[in-house]
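# Descriptive structure summary
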Amino acid sequence: VLELPALRVEPLDAAPLRDAVAGLGARYHWLVVTSQNAVELVWDAVRDSSGDARRLAGVKLACVGTSTSNALLAHGLATDVLPPRFVADGVLEAMSARGDVRGASVLYVAAEGARDVLPQGLRALGCTVDVVHAYRTVSDGAGADALRDALRAGRVDAVTFASASAVRGYVEAVGAELARAAPAVSIGPVTSDAVREAGIPLLGEATTASVPALVETVVMTIANSGKTR
């Protein structure tokens, strides 16, 4: 396995998130987070004001994916909505089916540049949605030279991607032409779309948007392609 950190997380100005978190119970019925990074930054904002899990008493929680749900649970916070499809569209579908969402007040904590499918969909349901961009992801080219050498030598049977932003970081790190030298295995449909847009051959897509499913898909697709070493 060649490991390339395609991205690194940079927190943005913490003041907007601190202000939003300070009034969680009074101002919001729902908190929506779509990544472990968002969970940790929310928790940091809670602790910065000497708060704890009680700050979220009465606030319902929605998230994308088991990793994000587990990150919440690590802080004593059980998720109310965890959709079967680990994408923002899945969260919107699951929340739309509930009787306590229409007209609710929602705090949505996400990365800068995140898709607006979820906040727009919630507003269409009559919700008041405050979006706080708590962090950004930027390209991290560490190890890019070694990866470029491996790609040129044909030593890479597949490249795995766990997010659309990771695809963009990979292309920036190795270059658009070399990025197409090896096929990709993606964690889900949004990531697969980014792979196709980059012109990278798509070898497989995980059945569910989780790292264990991604690993299983890599193993199966590599074995079926006959490229085992």
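The structure this text deals with has already been given above.
Read on for an overview of the structure. Predicted, not measured: the structure shown is a model, and the values here were computed from it.

### Considerations on the sheet that holds strand 1 (residues 7–11)
The strand order 1-5-4-2-3 describes an open sheet built from five strands, whose pairing is mixed. The open sheet is flanked by strand 1 and strand 3 (60–63), the only strands paired with a single partner. When the angles between neighbouring strand axes are averaged without regard to direction, this sheet yields 25 degrees. Here five bridges tie strand 1 to strand 5 (residues 128–139), and the two strands are oriented antiparallel to one another. What sits directly across from Arg8, in strand 5, is Val138. Helix 4 (residues 66–73) rests against strand 2 (30–33) and strand 3 of the sheet, and its axis sits at about 145 degrees to strand 3.

### Structural notes on the pairing of strand 5
Sheet analysis places strand 4 (residues 105–111) next to strand 5, joined by seven bridges and oriented parallel. Counted as the bridge partner of Tyr108 is Val131 from strand 5.

### Details of helix 6 (residues 117–124)
Of all the positions in helix 6, only Leu118, Pro119, Gly121 and Leu122 are classed as buried. With its buried residues spanning 165 degrees around the axis, helix 6 presents them on a single face. For helix 6, the secondary structure elements touched by its buried residues are strand 2, helix 5 (88–96), strand 4 and strand 5. Positive phi shows up at Gly126, right after helix 6, with a value of about 90 degrees.

Cut-off values and rules
- Residues numbered from 1 in each chain as written.
- Predicted model: local features only at pLDDT ≥ 70, side-chain atom pairs only at ≥ 80, totals over all residues.
- Heavy atoms only, no water.
- Pairing = 2+ DSSP bridges.
- Helix = DSSP H or I, 4+ residues; strand = E, 2+ residues; numbered from the N terminus.
- Axes fitted to C-alpha atoms, helices over the stretch in contact; angles between N-to-C directions.
- Contact = heavy atoms within 4.5 Å.
- Buried < 20%, exposed > 50% of the residue type's maximum accessible area, 1.4 Å probe, protein only.
- Arc of directions from axis to C-beta.

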